[in-house]
Amino acid sequence: MKQDMRVWVGIMGSAALGVLVTGSAQAGDAGLHVIQGGPAYFSAGIGAFNAAGVKPGPGHRGNATLPELDLEYQSASKLFGIGALWGIVANTNGGFMGYTGLYSDVAWNHWVLTPVLGIGGYNQGRGKYLDGVFQFRLELSLAYQFANQSRFGLKIAHISNAYIAQEDPGEDEIMLDYSIPLSFGDHSS
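These numbers were taken from a predicted model, which means no experiment stands behind them. (Residues numbered from 1 in each chain as written. Predicted model: local features only at pLDDT ≥ 70, side-chain atom pairs only at ≥ 80, totals over all residues. Heavy atoms only, no water.)

Description of the pairing of strand β8 (residues 134-145)
- Note: strand β7 (residues 111-123) against β8, 11 bridges, orientation antiparallel. Directly across from G121, in β8, lies its bridge partner F134.
- Note: β8 against strand β9 (residues 151-160), 10 bridges, orientation antiparallel. Each bridged residue has a counterpart across the sheet, and for E139 the counterpart in β9 is A157.
- Counting the residues between successive antiparallel strands, the hairpin from β8 to β9 contains 5 residues, one of them, Q149, with a positive phi of roughly 75°. (Pairing = 2+ DSSP bridges. Helix = DSSP H or I, 4+ residues; strand = E, 2+ residues; numbered from the N terminus.)

See below:
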């Protein structure tokens, strides 16, 4: 199941990057396009940490699926449709990860697809063993954007050390996410 999730995230991430490269030319029409400006966003998500691929490792504790909270700030400043973000995700067993990364928003009508590539530091707490502090984070969210520019949607994410350590148990998340636009970060001009 975990391999299926990684393949799915890889396919969706590749598709989103392809749209990012080709979608800039279509920004003038109402179809599929990369959002080049707009407000900064603060988002909060609630969901399941270690939602897929739950397998007890030899001698490792803390492989349960746990409730989690994700807080994220997406900057309004973008270069070629790519912006910076900062966030923290925490589970109920004291595990957390602070991260930073890059994102892009690909829109079609009221739907916004947001791929994220991030890096950060993970503290296991009493949660899942991920073999190291330094971790990578991949996210993909699909949200409906309302008339006031707030967004509500579904986010999947994966934390992994990408085998830079001895083991790579990885962790997959799924959550509901709500984002509010911040007017002080508006770069729509």
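Brief notes about unusual backbone geometry
- With a phi close to 65°, N50 is a non-glycine residue in the positive phi region.
- Position of N50 relative to the elements: it lies in the loop between β2 (40-49) and β3 (66-79).
- In the Ramachandran plot, A162 falls in the positive-phi region, its phi being about 55° despite a non-glycine side chain.
- We classify A162 as partly exposed; its relative accessible area is 45%. (Buried < 20%, exposed > 50% of the residue type's maximum accessible area, 1.4 Å probe, protein only.)

Topic: the packing of aromatic side chains
- Per the counting criterion, the structure on display carries 4 aromatic pairs.
- With a centroid separation of 5.3 Å and an interplanar angle of 80°, the aromatic rings of W111 and Y144 are classed as edge-to-face. Of the two residues, W111 is situated in strand β7 and Y144 in strand β8; the sequence distance between them amounts to 33 residues.
- Using a relative accessible area of 29% as the deciding quantity, one classes Y144 as partly exposed.
- On the numbers, 5.2 Å between centres and 80° between planes, the contact of F134 with F136 is edge-to-face.
- What links up through ring pairs into an aromatic cluster is the set W111, Y144 and F146.
- The ring of Y99 carries the charged tip of R137 above its face, separated from the ring centre by 4.7 Å.
- The ring of Y41 carries R151 above its face, with NZ or CZ at 4.2 Å from the centroid. (Phe/Tyr/Trp six-rings, centres within 6.5 Å; stacked < 30°, edge-to-face > 60°. Lys NZ or Arg CZ within 6 Å of the ring centre and 35° of its normal.)

Some details on the nonpolar core
- F49, L66, L85, V89, M97, Y99, Y103, V116, Y122, L130 and I159 together form the largest nonpolar core, which totals 11 residues.
- Of all the elements in the fold, those that place two or more residues in this core are β4 (82-91), β5 (96-104) and β7.
- Counting residues per element, this core draws most heavily on β5, at 3 residues.
- If near-sequence neighbours (up to four positions away) are discounted, F49 is found in contact with A64, T65, L66, E68, N91, Y122, K128, E171, D172 and E173. (Core = buried A, V, L, I, M, F, W, Y, C linked by side-chain atoms within 4.5 Å. Contact = heavy atoms within 4.5 Å.)

Quick look at the confidence of the model for the protein
- When pLDDT is averaged along the protein, the result is 83; 76% of the residues meet or exceed 70.
- Mean pLDDT values for the elements of the protein range from 50 in helix α1 (residues 2-23) up to 97 in β5.
- Low pLDDT, under 50, characterises residues 19-28; the stretch is placed with 17 contacts to residues that sit more than four places away or in other chains. (pLDDT = per-residue confidence, 0-100.)

Re the side chain of K155
- The residue K155 is located in strand β9 in this model.
- A polar atom in the side chain of K155 sits 2.9 Å from the side chain of D70.
- Engagement of the side chain of K155 in a polar contact is seen with the side chain of E139, the distance being 3.4 Å.
- When near neighbours in sequence (up to four residues on either side) are disregarded, K155 contacts D70, E72, E139, L140, S141, E173, I174, M175 and D177. (Polar contact = N/O pair within 3.5 Å; in protein donor to acceptor, adjacent residues only side chain to side chain.)

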